[in-house]
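Coordinate inspection notes
Residues per chain, in single letters:
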Amino acid sequence: MTTTSTLTDGILYITLAGDLIGSPDTQQLLQSVNEHLGDAVTNCAVDLSAIRYINSTGIGVLVSLLTKFRSRGGELVLINPADHPKKMLALTKLNNIFTVTADQAAARQQLAPAAS
């Protein structure tokens, strides 16, 4: 899995590609997010459009990220999940917990009221 992150207007944007499964990559992702949380970032958008496969560990990582941001009074949204992640979110009923947006602009609009 590859991870890229950018911080724009107080929102952490994370783009993931590959397979979101338990691996050293997920630990790096969590560590990177923790570093940004030290910068008082409270809102995050995770782009899942390039994730081919996600397992229960990957779902756990997303739930962990959601918890981190919500416990700080912020929010996390998922951007355009690919087919398999979308099916896994529906199967686990987490699609009722996560906010899902179609693209980065919609994610920014969703998070902007929370950021102000």
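Treat the numbers as computed from the prediction; the structure is a model and nothing was measured. The residue numbers shown here count from 1 along each chain, following its written sequence. Two thresholds apply to this predicted model, a pLDDT of at least 70 for residue-level local features and 80 or more for giving and counting side-chain atom pairs, whereas whole-chain, interface and lining totals are computed over all residues. Hydrogens and waters are ignored; side-chain quantities use all the structure's heavy atoms.

Comments concerning unusual backbone geometry
- Look at Asp 9: it is not a glycine, yet its phi comes out positive at around 50°.
- Helix numbers and strand numbers start at the N terminus; a helix is a DSSP run of H or I with at least 4 residues, a strand a run of E with at least 2. Tracing the sequence through the fold places Asp 9 in the loop between strand E1 (2–8) and strand E2 (11–20).
- Exposure remark for Asp 9: the relative accessible area of 65% places this residue in the exposed category. Throughout this description, buried means an accessible area under 20% of the type-specific maximum (1.4 Å probe, protein chains only), exposed means over 50%, and partly exposed covers the range between.

Some words on the environment of Ala 17
- In this fold, Ala 17 is placed in strand E2.
- Taking the C-alpha atoms as reference, Ala 17 lies 7.5 Å from Arg 52; in sequence the two are 35 residues apart.
- Among all residues touching Ala 17, those that are not within four sequence positions of it are Met 1, Thr 2, Ala 50 and Ile 51. Residue contacts follow a heavy-atom distance rule, with two residues in contact if any of their heavy atoms lie within 4.5 Å.

Regarding the nonpolar core
- The set of buried Ala, Val, Leu, Ile, Met, Phe, Trp, Tyr and Cys residues whose side-chain atoms join them within 4.5 Å is what this entry labels a nonpolar core. Ranked by internal contacts, the top residues of the largest apolar core, which has 26 residues, are Val 46 and Leu 76.
- At the level of secondary structure, the elements contributing two or more residues to this core comprise E2, helix H1 (24–37), strand E3 (43–54), helix H2 (56–71), strand E4 (75–79) and helix H3 (83–91).
- Considering each element in turn, this core owes the most residues, 6 residues, to H2.
- Apart from residues lying up to four places away in sequence, Leu 76 is in contact with Cys 44, Val 46, Leu 65, Leu 66, Phe 69, Phe 98 and Thr 99.

Considerations on the pattern of salt bridges
- One side-chain nitrogen of Lys or Arg within 4 Å of one carboxyl oxygen of Asp or Glu is enough to make a salt bridge. Applying the stated criterion to the full structure yields 2 salt bridges.
- Among the salt bridges present, the one from Arg 52 reaches Asp 19, with a minimum N-O distance of 3.3 Å. Highlighted residues: Arg 52 in strand E3 and Asp 19 in strand E2, separated in sequence by 33 residues.
- When its relative accessible area of 59% is taken as the criterion, Arg 52 is described as exposed.
- Using a relative accessible area of 25% as the deciding quantity, one classes Asp 19 as partly exposed.
- For the salt bridge of Arg 70 with Glu 75, the shortest nitrogen-to-oxygen distance reads 3.1 Å.
- On the basis of relative accessibility, which here comes to 36%, the residue Arg 70 falls in the partly exposed class.
- Here Glu 75 falls in the buried class, since its relative accessible area comes to 19%.

The values are spatial; any link to function lies outside them.
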